[in-house]
Amino acid sequence: MKVLKFGGTSVGSIESIKAVINIIKAEKKPEKTVVVVSAFSGITDQLIEVSQLAELGAETYLDMLKGIENRHIEAVKELISTDREVALLANFKVMFTELEDVLHGVYLLKELSAKSLDYVSSFGERLSSLIITDAFIEAGLDTQLADSRHLIRTDRTFNNARVNFATTETNIQAYFKKNKALTVVPGFIASTERGEVSTLGRGGSDYTAAIFAAALNAKVLEIWTDVDGVLTANPKTVRRAIPIPQLTYDEAMELSYFGAKVIYPPTIQPALDKGIPIVIKNTFNASAPGTRITAEASASDAPVKGITSISNISLLTISGSGMVGISGTSMRLFGALGRNKISVILISQASSEHSITIAVTDKVSVGAKQAIEEEFEYEIQSGKIDPVAMEQGQSIVAVVGQNMRNTPGIAGKLFSVLGRNGINIRAIAQGTSELNISFVISKQDETKALNVIHESFFLSDTKVAHLFLAGVGLVGKTLVKQIQQQQEYLKQKLGLELRLAGVANSKKMAFDAEGIAWDNVAAVLDKAKQKADIDKFAKEVIALNLRNSIFIDCTADDEVGTSYKTFLEHSIAVVTPNKVAASGPYELYADLNHTAQKRGVRWLYETNVGAGLPVLSTLSDLVKSGDEIHRIEAVLSGTMNFIFNTVSSKMPFSATVKEAKAQGYTEPDPRIDLSGKDVARKILILAREAGYKVDFDEVEIVGFLPKTVFKTKDIDSLWKALEAYNPEFDKLRSRIEKEKKKLRLVASFDGRAAKVELREFTAEHPFYNLEGSDSIVLFYTARYHKNPLVVKGAGAGAEVTAAGVFADVIRIVN
């Protein structure tokens, strides 16, 4: 025997009822099948509302009642042939007259008892089961209707009646000994020993199905709904939620208790007691395997099966030295709550007995606080116990999986990923069975928490990182292009989606939590209404509160460069080629590193030195592994190297600088490169990364250009000043060529002093053979004291810089 239950959405329309018919037709032995049906979608709520309107004396209840009648009549006309239609509609006429009489009594008395409400509510299932029975017969299925009011016996606790299982099982078994056809049963409804209509409360149709399955020792209970089984998370919150193939009873109960709505825990208890497998299936995707719920977990099952949550929670904490070592405190606490009929959702107690924290719904939090303070009034007044602390607007998140007990490190991984995303945990509860880890967080972090946990435990096939980009100049634009070209590879090979959630240029900014298309960035900024403002940009990023958020600064702006702490403090990682922060005041540099470390996020600026070359990461590895940095010598300006390698008798110095700017090698203002300041910033950063406290004004810069070049008002006047300098530089160039040397702007640091100067090199030196815009760094250390460790390669240009930024982003996400 099989029991199949179809919920409201499964019988909510003509098409869905036809889908149900096809499912039953596909059964190998329909005569050994019990079909439990709910009321049509939304009808039970409408019947309750009709009753409440009648109680209030609002005559509009009649209009709503007529609407309910018309919906069922339309279903009959669509599904039932004329021959059967007449008899069924005549039955309906009697039923709706009866229903109208009861509601008229409620209207006259202005009183709606629980008993009357049960009677009115029962019509939803009574009507739907009549229609579906006749629809089955119309489809050629030998079908009978078994009225559950005649089989399920309950007490007189109306609206949520308790089942008399002994009598009920006897009734059901006796009925099915005599009747062997496919049987339709109305869910939700029952009757008392006096013959009064009663209902089984929330999840009543599931309960009906479980009662029949247990009484008949069914081989399976199938619950048909509108999703492909129990999902790993709520798909409205976690878009990449996927069906769970297999659950244990305990896992299903835990997920349902903490918010998963596919099943309601108390209703499946009769099937659970008999060890009957439960399968959750989708009426609208019948071929999907669904979720099978059984007693035992498979050893191959994932440690975490699902994640769920409950919103609008309040934390109440009772604490004080007067609780330590005093027996009966917990009894008094929960006794006070029990007397006030307040349900506790979560409990967390310190082992010191100094405090107990409970979680209740926001709705009852004030009453709970009052009940506790009344119970402990004497202790509070005498200072032995503190007044109850209440925090509203919280959420409980539960991570469920029976195999967590056999997998070390689950809790560590869980709390680590939450910490990296700046999610603060207010309370934690975990039983010794390790089936469920529950914790309380701020409601505003609920969506973020669910998504990062889902991704962290591989319940999603793709991990999403939300990027916020400031600056779409040459480097920023190139970065956008590189990410766009690499999107498919990242998804296929790394399971990674980089989503652009915000972007800004010097004039405007735009945001979209769902993602701005990488090939549409320019158009979005053109249409944007918000004016660019780094403070407002940061506030918007923080307000969006998206998981795995990364701020990318591709500007050369001082104000943007000094804004990083705001992002880091909110656990938003920062990636930048902008040298302002790392080469600014040492206090800022140290503070940003401290903030990043404290918040558990990354501030990566690899491209500050050597563009895409692994200069800083190499230096970091040396320092972390215990090596001592004795000396650094480097050609750090790919821009200046390009200029010195390109300048010739045919291309004078000024023209070469123009060409360098045109190719994207220079800073937006080439005077920064020409002055040696850019190189000074880079050697300063290297010195700091080596562990030395150095400020910019301590770096000696030996200039080689006249001061008039740097006193120019704008770029146009700069070109004129450089043209005037061409003859003098040409003399230097001619001499260098004759002596077979090369010019290089060299940065050095010896542990005491940092210096930038123009130097000449012969062919024997590593600096001589640098080509194009290459950079080179020589690290002389305790381990590399004779032959330095060398990092060499392309050190300037939008492509390599953007690639370095891209690599830092991937490094953070992974």
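Preceding this paragraph is the structure being described.
Okay, so let's go over this structure.

Parameters at a glance
Residues numbered from 1 in each chain as written. Predicted model: local features only at pLDDT ≥ 70, side-chain atom pairs only at ≥ 80, totals over all residues. Heavy atoms only, no water. Helix = DSSP H or I, 4+ residues; strand = E, 2+ residues; numbered from the N terminus. Buried < 20%, exposed > 50% of the residue type's maximum accessible area, 1.4 Å probe, protein only. Lys, Arg positive; Asp, Glu negative; His and termini not counted. Salt bridge = Lys/Arg side-chain N within 4 Å of Asp/Glu carboxyl O. Contact = heavy atoms within 4.5 Å. Core = buried A, V, L, I, M, F, W, Y, C linked by side-chain atoms within 4.5 Å. 1 Å grid on protein atoms, 1.4 Å probe; cavity = no way out; pocket = protein on both sides within 12 Å on 5 of 7 lines; lining within 4 Å. Points joined across faces, edges and corners; volume = space filled by probe spheres on them. Nonpolar A, V, L, I, M, F, W, Y, C, P; charged D, E, K, R; others polar.

**A look at the side chain of Asp445**
Secondary-structure assignment places Asp445 in the loop between β17 (436–442) and α15 (446–456). At 4.8 Å, Lys448 is the nearest oppositely charged side chain to Asp445, a buried residue that forms no salt bridge. Among all residues touching Asp445, those that are not within four sequence positions of it are Gly422, Ile423, Asn424 and Asn545.

**A word on the nonpolar core**
If you look at soluble globular proteins, the nonpolar side chains tend to sit buried side by side. Counting residues in each nonpolar core, the largest one holds 79 residues, and the members touching the most others are Phe537, Phe551, Trp603, Phe653 and Ile683. In terms of residue count, helix α28 (residues 715–738) provides more of this core than any other element does, eight residues in total. If we ignore the near neighbours within four places in the chain, the residues touching Phe653 are Ile643, Val647, Leu674, Phe704, Leu705, Leu722, Tyr725, Asn726 and Phe729. Grouped together as the second largest cluster of nonpolar side chains are 51 residues, Val34, Ile152, Ala215 and Ala398 included.

**Here we look at helix α22 (residues 615–624)**
Each α-helix winds once per 3.6 residues, and so residues spaced three or four apart point in a common direction. The set of residues buried in α22 consists of Val615, Leu616, Thr618, Leu619, Ser620 and Leu622. In this structure, the buried residues of α22 make contact with β25 (629–635), α26 (677–689), β29 (774–781) and β30 (789–794). Looking one or two places after α22, you find Gly626, whose phi comes out positive at around 95°.

**What about the side chain of Lys579?**
Considering the arrangement of structural elements, one finds Lys579 in the loop between β23 (573–575) and α21 (586–599). Judged by relative accessible area, which is 9%, Lys579 ranks as buried. Ignoring sequence-local partners within four residues, the contact set of Lys579 consists of Gly584, Asn608, Glu667, Asp678, Arg681, Lys682 and Ile685.

**Quick word on the layout of surface pockets**
Taken as a whole, the second largest pocket encloses approximately 970 Å³ of empty space. If you trace the second largest pocket, you find 49 residues lining it, with Cys554, Thr555, Ala556, Glu667 and Pro668 closest to the centre. Residue assignment for the lining of the second largest pocket shows that the elements contributing at least two residues are α16 (474–494), α18 (534–544), α19 (558–561), α23 (638–646), α25 (671–675), α26 and α29 (798–813). Residue classes in the lining of the second largest pocket are distributed as 21 nonpolar, 17 polar and 11 charged.

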